[in-house]
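Here are the chains, one letter per residue:
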Amino acid sequence: MDRRDFLKVIFAAPLAAPLLAAAKTSGSGPVLYLIADEPQNFLPGIIQQLKRKAWAEEGRAAFLNQHPFAEELERSLSENGWRFVSSPSAASLLLSFEPLRHAASPSFTLIKEGRIWDIRNQGLSRLWKEMNRQGAASTCLTIASFEEHRFPEAPGKAVAVYADGKRRESLSLDANLMRRYTTRNGEVVIEIEKGRARVLASTCRHKICLSSPPACLAGERIVCAPNQFLLAIEGRRFVDTVTG
Amino acid sequence: MSIPLLDKSKFIIFIFSVLFMVNCRGGEKWQSYTLFFFDTVCDIQVFGPLSQVEAVPTEISRIFTEIEKEFSLGCGDFSSPPVLELFRTARRVYRDSDGYFDITVGPLSELWGFSTKTYRIPLPEEVKKALAFVGLEKIKEQRDRLSVQPGMKLDWGGIAKGWGVDLAARALREIGIARGFINCGGDLYCWGENPENKAWKIGIKHPRQQGYMGIISVSGLAVATSGDYQRYFESGGARYHHIFNPKTGYPAQGKQSVTIVGPETVYCDALSTALFASLQPELIIKRYPEYGAILVEADGNVVILGKAYPVELF
């Protein structure tokens, strides 16, 4: 089904407008529309492909209304790391159901920032074709609304390196590299691999920096206090500072 | 409305000039600093007149260096005015928390290896022996001097950092820093508005996952967190952390983290430890009506106690 036809089908659905409005009330995040019976077979796979986006990372999910495949959706999404909660206000993925007036071919599309995003080219073309080939026409519209603002942790772009309390440089997290820094009190070796930075070796006494998990989210940091050494992940932050 | 090309470029220059003036209003600017004190990173972001902003790292270093000197583990000068002042604050929280906040847990920190990072699980008789030197009521204040029994060791780690943040924030405001925050390893004070002219957004670190469990939006307030994930070791599948129940001599059970919000960092710092260790945290927070707490229990359940502050949990 062409994307424009898809939208026509959606907006022709009875009661769709208030429901769509409701799906947007708690945020302006992306909304995924899926026409398919047994949506549990498709939704986790689509979300999995979208996981490069911070808003599609696993979190808490909730239903906004009764869904005929609620149990199955809950099971399949839970297996993929989503935790279901009863309160929509505590969820970052809101699921709702709307029956279509006329049965339509199985398909999906994403609306983000008021625009239609063709997500078929994001590794989903095979799924799209498969749905169209084998799926029977369906009146089941599943609306998955992602609450973008509920994901204050975004993957970082670069890591800033501070040694002896002074900023030395910023390294892209896209690079895979290992680098050694000499400080007044010793040496620290860091590694960047698969978008994550960590301390690989340090001459400090207690090696607390070595046991710190790799950092990849904007705002995360790894500290080696004896060397006054700091790795700070840079990127769009949703908070001014952090406690804990 | 269409703007002729020349006018457009003038207009753009005007806009940049206005933005510059807004950002450097009367020679004011935002500046961030990263310093190392108290065995952790201290993040500072301030807004104020240029010369005052440039004086910030020197001013903060002066205050924090002094506090580090006075309050290192087992410090000996029990007659210095800062030690006496902070002791009185610690004693108040000790009494209000029914002894769950106790700066005399130094022998326990040593016994479990937290002061030297040579961790070990002590024998029950060793714990019992160490407990003989724990208990703030054993310290007497006589003629402006603390009388500390031999074998006792004061651990100021649960209160001195917060006090330092308060002193530094006060000093910066006095020299004309109108907006900013000082964050020493999660103990922080923020005042004025953030660079977006809103309340400061403080992320609360998730005690078990990467990222945050919520965001507090505050200004003119302090925030501090104690958690079992900050300093710990694992043995036999169990986690042994640095926040002791001063009554048992063992790491306190039942919580993953406690975040306190309130007017003074020194109390947020001490109360986060007290509520973490206590079995009845609601009784303690009742005695501090200006303070609020966000507790993450051992099973991950989140409980909010005391004064309500704007917090969004995920």
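Residues numbered from 1 in each chain as written. Chains lettered and ligands numbered in written order. Predicted model: local features only at pLDDT ≥ 70, side-chain atom pairs only at ≥ 80, totals over all residues.

A. Highlighting the overall build of chain B. Regarding its fold elements, chain B presents eight helices and 15 strands. Across its three principal axes, chain B shows a C-alpha extent of roughly 85 × 45 × 35 Å. Across the 314 residues of chain B, 45% fall into the buried class. The long-range share in chain B, meaning contacts at least 24 apart out of those at least 6 apart in sequence, stands at 60%. (Helix = DSSP H or I, 4+ residues; strand = E, 2+ residues; numbered from the N terminus. Buried ≥ 20, exposed ≤ 12 C-beta atoms within 10 Å, placed from the backbone. Contact = placed C-beta atoms within 7 Å.)

B. The sheet that holds strand S10 (residues 177-183) of chain A, seen in detail. Residues and elements named next belong to chain A. With respect to topology, three strands assemble into an open sheet ordered S10-S11-S12, the strand pairing being antiparallel. Looking at strand neighbours, the two that pair on one side only are S10 and strand S12 (196-202), the edges of this open sheet. Pairs of neighbouring strands in the sheet enclose a mean axial angle of 25°, with direction left out of account. With seven bridges connecting them, S10 and strand S11 (residues 186-193) associate as antiparallel partners. From the neighbouring strand, Thr182 faces S11, where its bridge partner is Glu187. (Pairing = 2+ DSSP bridges. Axes fitted to C-alpha atoms, helices over the stretch in contact; angles between N-to-C directions.)

C. Spatial organisation of the environment of Cys184 of chain B. Residue and element names in this part refer to chain B. Structurally, Cys184 is set in strand S5 (residues 179-184). Measuring from C-alpha to C-alpha, the distance between Cys184 and Pro82 comes to 19 Å, with 102 residues separating the pair along the chain. Contact partners of Cys184, with chain neighbours within four places excluded, come to Phe37, Phe38, Thr40, Cys42, Lys161, Gly164 and Val165.

D. Spatial organisation of the nonpolar core. Counting residues in each nonpolar core, the largest one holds 113 residues, and the members touching the most others are Ile182, Ile202, Val223 and Leu271 of chain B. Among residues more than four places away in sequence, those in contact with Val223 of chain B are Thr243 of chain A together with Leu188, Ile202, Ile216, Val218, Thr259, Val261 and Cys268 of chain B. (Core = buried A, V, L, I, M, F, W, Y, C linked by C-beta atoms within 7 Å.)

E. Summary view of unusual backbone geometry. A positive phi angle is found at Glu38 of chain A, which is not glycine, with a value near 50°. In this structure Glu38 of chain A comes out as partly exposed when scored by C-beta crowding, with 16 C-beta atoms within 10 Å. Not every positive phi belongs to a glycine, and Asp39 of chain B is a case in point at roughly 60°. Along the polypeptide, Asp39 of chain B turns up in the loop between strand S1 (28-37) and strand S2 (40-49). By C-beta crowding, Asp39 of chain B is classed as partly exposed, having 16 other C-beta atoms within 10 Å.

F. Molecular detail of the sheet that holds strand S15 (residues 311-313) of chain B. The strand order S15(A)-S7(B)-S8(B)-S15(B) describes an open sheet built from four strands, whose pairing is mixed. The open sheet has two free edges, formed respectively by strand S15 (241-243) of chain A together with S15 of chain B, since each of these has just one partner strand. Each adjacent strand pair in this sheet contributes to an overall mean axis angle of 25°, direction not counted. Inspection of the sheet shows S15 of chain A paired to strand S7 (residues 200-205) of chain B by three bridges, in the parallel sense. Residue pairing in the sheet places Thr243 of chain A in a bridge with Ile204 of chain B of S7 of chain B.

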